[in-house]
Amino acid sequence: MQFETRAIHVGQDPDPRTGAVVVPIYQTSTFAQPAVGEHTGYEYARTGNPTRTALQECLASLEGTEQAVCFASGMAAEDAILRLLAPGDHVIMANDVYGGTWRLITKVHARYGIEVSAVDMTDLDAVAAAFRPTTRFVWAETPSNPLLKILDLAALAELAHDRDAWLVADNTFATPYLQRPTEFGADLVVHSTTKYLGGHSDVVGGAVCTDEQTAADLAFLQNAVGAVPGPFDSWLTLRGVKTLGVRMEKHSENAGRIANYLAGHAAVEQVLYPGLADHAGHDVAARQMSAFGGMVSFRVAGGADAARRVAERTELFFLAESLGGVESLIEHPGIMTHASVAGTDLEVADDLLRISVGIESADDLLADLERALG
Ligand SMILES: *Cc1c(COP(=O)(O)O)cnc(C)c1O
């Protein structure tokens, strides 16, 4: 079955009792057991819930992994992955990794002896030089946030595997419709399902797609810790996933048009979009992604104040954090999403704006930007 068909059918057979064509929201905390010590596969809803199972089966199919484990948020998913480590273990991360990921490892897991190095992961020599005997994970996010850098997943997987480390890929920006990291050797794929997978800005969630053994280890940690998605959240995410393919086509098409428009605008200093031929990661992106996605960042001529004014002047592009929904958003990473990395290696330019291009009419979106930049 092709991707679009699996998004709608895998894990989603009609309900065996009623024939309901949509997986029900199993809004229950516990499950009656036929006999002591016997159960239906479900005992208590922290451990498992059928709506969550449906989502997990579908996501595993889309990423091409044996299993998926869904979490209450993307950060809960990342936290579970980091809990696979032991004190003294080392992680290599990109120097523009998602701000929350950096905060999680440096402010939380560092207290339990996890070590991290931030490097420019587009520079493979720098990545090779960052390895220590204790390195367990290379953590790659591509395209990255908010600089839209492209990392070469196959090259990073090879570097990691040669040194007995794993490649963890944050595939939130690309989604499995545009890029499947395990095809390039990634061992774990992590998602904030809050973004494109949910796709409608109405639910927070996370997922890890990986092999059966690692998924069992993560499920153990999840059951012990408790960061589970509720049945309604799982249902909303699954509902979003059904239309992932058509949405990603339209996000990519709109973003491509907007990136080209911005690249020719006098009030724009620089456009960061992997679909542009002059983007440093364009060739790698063209190799590992089927289209270039819906995220565009750009630097406004005239500095921080000018950037701020543009972000406050758009009308269709709502000024908001997050991304990946059907509606377009604009934000100032330096002050908003990436405020927590100010003063560190990950600090971003203060004239940078990031847009999450929605699936409205591109003509209307272009007119909105024209007005705001004018
Ligand atoms: C949003 C995001 C996360 C965190 O996910 P939450 O669902 O907000 O907890 C992690 N990585 C990337 C790339 C993100 O955009």
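Conventions we followed
- What you see as residue numbers is a count from 1 along each chain, following the sequence as written.
- For this predicted model, a pLDDT threshold of at least 70 governs which residues receive local features, and a threshold of 80 or more governs which side-chain atom pairs are given and counted, while totals over whole chains, interfaces and linings are taken from all residues.
- Only heavy atoms go into the side-chain values, all of them from the structure, while hydrogens and water stay out.
- The rule for a residue being near a molecule or strand is that one of its heavy atoms must lie within 4 Å of it.
- By the criterion applied in these results, polar contacts are pairs of N or O atoms within 3.5 Å in which, for protein atoms, one can donate a hydrogen and the other can accept it, and in which residues neighboring in sequence qualify only through two side-chain atoms.
- Surface accessibility in these figures is a Shrake-Rupley result with a 1.4 Å probe; residues are shielded only by whichever protein chains are displayed.
- Elements are defined by DSSP. Helices are runs of H or I of four residues or more, strands are runs of E of two residues or more, and each kind is numbered from the N terminus.
- Using only the protein atoms, space was sampled on a 1 Å grid; points where a 1.4 Å probe fits but cannot get out form cavities, open sets with protein on both sides within 12 Å along at least five of seven lines form pockets, and lining residues are those with an atom within 4 Å of a point.
- Grid points are joined across faces, edges and corners, and a volume is the space filled by probe spheres set on the points.
- Note on residue classes: Ala, Val, Leu, Ile, Met, Phe, Trp, Tyr, Cys and Pro are nonpolar, Asp, Glu, Lys and Arg are charged, and everything else, Gly too, is polar.
- Domain delimitation follows an automatic or database domain assignment.
- Throughout, a residue-residue contact means that at least one pair of heavy atoms, one from each residue, lies within 4.5 Å.
- Accessible surface is computed with a 1.4 Å probe, and the buried area is the amount of it that two parts give up when combined, taken over both parts together.
- In what follows, salt bridge is the name for a side-chain nitrogen of Lys or Arg lying within 4 Å of a carboxyl oxygen of Asp or Glu.
- To sort residues, take the accessible area from a 1.4 Å probe on protein chains only and compare it with the maximum for the residue type: under 20% means buried, over 50% means exposed, and anything in between is partly exposed.

Account for the site of the ligand, with residues named and values stated.
In the vicinity of the ligand lie 14 residues, with Met75, Asp170, Ser192, Thr194 and Lys195 positioned nearest. Between the ligand and Met75, the relevant distance is 2.9 Å, taken from an oxygen atom to a main-chain nitrogen or oxygen of the residue. Relative to its unbound accessible surface of 380 Å², the ligand loses 91% to contact with the protein. Per-element tally for the shell around the ligand: the top contributor is helix H3 (residues 74-82), with 3 residues.

Go over empty space enclosed by the protein, please, and point to the residues and values.
All told, the structure shown has 3 cavities of 30 Å³ or more when counted by the stated rule. There is about 50 Å³ of room inside the largest cavity. Residue lining of the largest cavity: Phe71, Ala76, Asp79, Ala80, Arg83, Leu221, Gln222, Val225, Gly226 and Ala227, and that is the complete set. Elements with a minimum of two residues in the lining of the largest cavity: H3 and helix H8 (212-225). Looking at the lining of the largest cavity residue by residue, the class counts come to 6 nonpolar, 2 polar and 2 charged.

Please set out the domain arrangement of the protein chain residue by residue, giving values where relevant.
Looking at the assigned domains, one finds that the protein chain contains domain 1 (3-241) and domain 2 (244-373). Between the C-alpha centres of domain 1 and domain 2 the distance comes to 25 Å. Between domain 1 and domain 2, the contact holds 38 residues from the first and 41 residues from the second. Here domain 1 and domain 2 share an interface that buries about 3,100 Å² over both sides, 63% of which is from carbon and sulfur atoms. Counting the contacts that link domain 1 with domain 2 gives 1 salt bridge. Residues Arg287 and Asp152 are paired through a salt bridge, measuring 3.1 Å at the closest nitrogen-oxygen approach. Those elements that provide at least two residues to the side of domain 1 that touches domain 2 are helix H4 (99-108), helix H7 (175-178) and helix H9 (231-241). In terms of residue count, H7 provides more of the side of domain 1 that touches domain 2 than any other element does, 4 residues in total. Of the residues that constitute the side of domain 1 that touches domain 2, the class distribution is 21 nonpolar, 12 polar and 5 charged.

How would you summarise the pattern of salt bridges if you had to cite specific residues and measurements?
Scanning the model with the defined rule gives 11 salt bridges in all. Among the salt bridges present, the one from Arg180 reaches Glu183, with a minimum N-O distance of 2.8 Å. Arg180 gets classed as partly exposed once you look at its relative accessible area, which sits at 24%. For Arg371, the salt bridge identified is with Asp368, shortest N-O distance 2.7 Å. Of this pair, Arg371 and Asp368 both sit in helix H13 (residues 362-373), separated by 3 residues, roughly a single helical turn. Residue Asp368 is classed as buried on the basis of its relative accessible area, which comes to 0%. What you see here is one network of salt bridges that share partners, running through Glu315, Asp368 and Arg371.

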